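Observations on the model geometry
Read off the chains here:
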Amino acid sequence: MIFTQLIQANLQTVKLGKDIEYYALLESTNAEAMELIDAGEGEEGTVVVTDRQTAGKGRLGREWFSAPGKGLTFSVILEPATKASESGLLSLAAGLAAAEALERFDLEPRLKWPNDILLSGKKCGGLLVESKIQGEIMAHAVIGAGDNVNEIAEDFPEDLKPDVTSVAMEKGAPVQRELVLAWTLNSLEQWYGQMREGETEPIIDGWLDRCSHVGSPISFLREGREESGTFLGVTPWGAAVIKTEQGEQHLSGEEISVL
């Protein structure tokens, strides 16, 4: 069970996490958050968290695995009121917040475009940002996060074991999931506030400082074709900058593979 009082006792936020909707069992925290928005009940800062997610969504329709009672899956409702074209910045801010929370456990997380959190080169978490657009404005956004916190190797499916890890596996001991969530929200509110104020350079710099593949050769799919290039960085609006033989290309959310 996740204790909401323990989360809130460690918050230093003005809005994020002041309202926490906890569910012992839920299909998807992102889907529940979207339903709250549609019902007019999802105020900015509301957090949806569950102990067991049965149909968690990853990118490209993939399912996100989380061990019941050991992983951390949650979503945060935001009202950015920023340009929809700058939605990539929100993903960068969320990744930066997730990394900073893990750094407080004396770990060294790295970030992989567009939404993976790595420890020791293995995936420890992921993010999924979904938004509701009105005209050219991102009226609502939901940041969904999945963190491997207290899983051990035996908890993961066989096909995932070689490529994943958890906070507990890296530290050699379990940690409080409530602290991971509280520290993520504390950091996210800071970066989100800067994004809304147009102070995007610190977000980009912080993300790039933790990126695992700046200057590395990568491959990606575009319009069904595999292309390759070098990952150079990100644009002021949060798109990836790739140097290819055809020239510089910008990726808005396409997945990459590091070669």
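Above this note sits the structure.
What comes next concerns the included structure. Keep in mind the model is a prediction, meaning the values are calculated, not measured.

1. Description of unusual backbone geometry
Phi is mostly negative for residues that are not glycine, and the peptide bonds are mostly trans. The residue after Trp 113, namely Pro 114, is reached through a cis peptide bond having omega -5 degrees. Relative to the helices and strands, Pro 114 resides in the loop between strand S5 (110–112) and strand S6 (116–119). Positioned with a positive phi, Asp 106 is a non-glycine residue whose angle comes to about 60 degrees. You can see Asp 106 is positioned in the loop between helix H3 (87–103) and S5. When its relative accessible area of 70% is taken as the criterion, Asp 106 is described as exposed. We note that Ser 120 has phi near 55 degrees; this positive angle belongs to a residue other than glycine.

2. Remarks on the pattern of salt bridges
For the coordinates displayed, the defined rule picks out ten salt bridges. Among the salt bridges present, the one from Glu 44 reaches Lys 15, with a minimum N-O distance of 3.4 Å. Of this pair, Glu 44 sits in the loop between helix H2 (29–38) and strand S2 (47–50) while Lys 15 sits in the loop between helix H1 (4–9) and strand S1 (20–23), and the two are 29 residues apart along the sequence. Looking at Glu 44, the relative accessible area reads 13%, which means it is buried. Measuring nitrogen to oxygen at the nearest pair gives 2.7 Å for the salt bridge that ties Lys 161 to Glu 158. Note on Lys 161: relative accessible area 28%, which makes it partly exposed. Using a relative accessible area of 60% as the deciding quantity, one classes Glu 158 as exposed.

3. Re the pairing of strand S11 (residues 240–244)
The buried count for S11 comes to four of five residues, which makes it a mostly enclosed element. Pairing analysis gives four bridges linking strand S10 (residues 225–234) to S11, with the strands arranged antiparallel. In the sheet register, Val 234 faces S11, and the bridge partner there is Ala 240. Connecting S10 to the next strand, S11, in antiparallel fashion are five residues, including Gly 238 with a positive phi near 95 degrees. Here S11 runs beside strand S12 (residues 247–251); their pairing, made up of five bridges, is antiparallel. The partner of Thr 244 across the bridge, within S12, is Gly 247. The turn linking S11 back onto S12 is made up of two residues.

Quick notes on the rules
Residues numbered from 1 in each chain as written. Predicted model: local features only at pLDDT ≥ 70, side-chain atom pairs only at ≥ 80, totals over all residues. Heavy atoms only, no water. Helix = DSSP H or I, 4+ residues; strand = E, 2+ residues; numbered from the N terminus. Buried < 20%, exposed > 50% of the residue type's maximum accessible area, 1.4 Å probe, protein only. Salt bridge = Lys/Arg side-chain N within 4 Å of Asp/Glu carboxyl O. Pairing = 2+ DSSP bridges.

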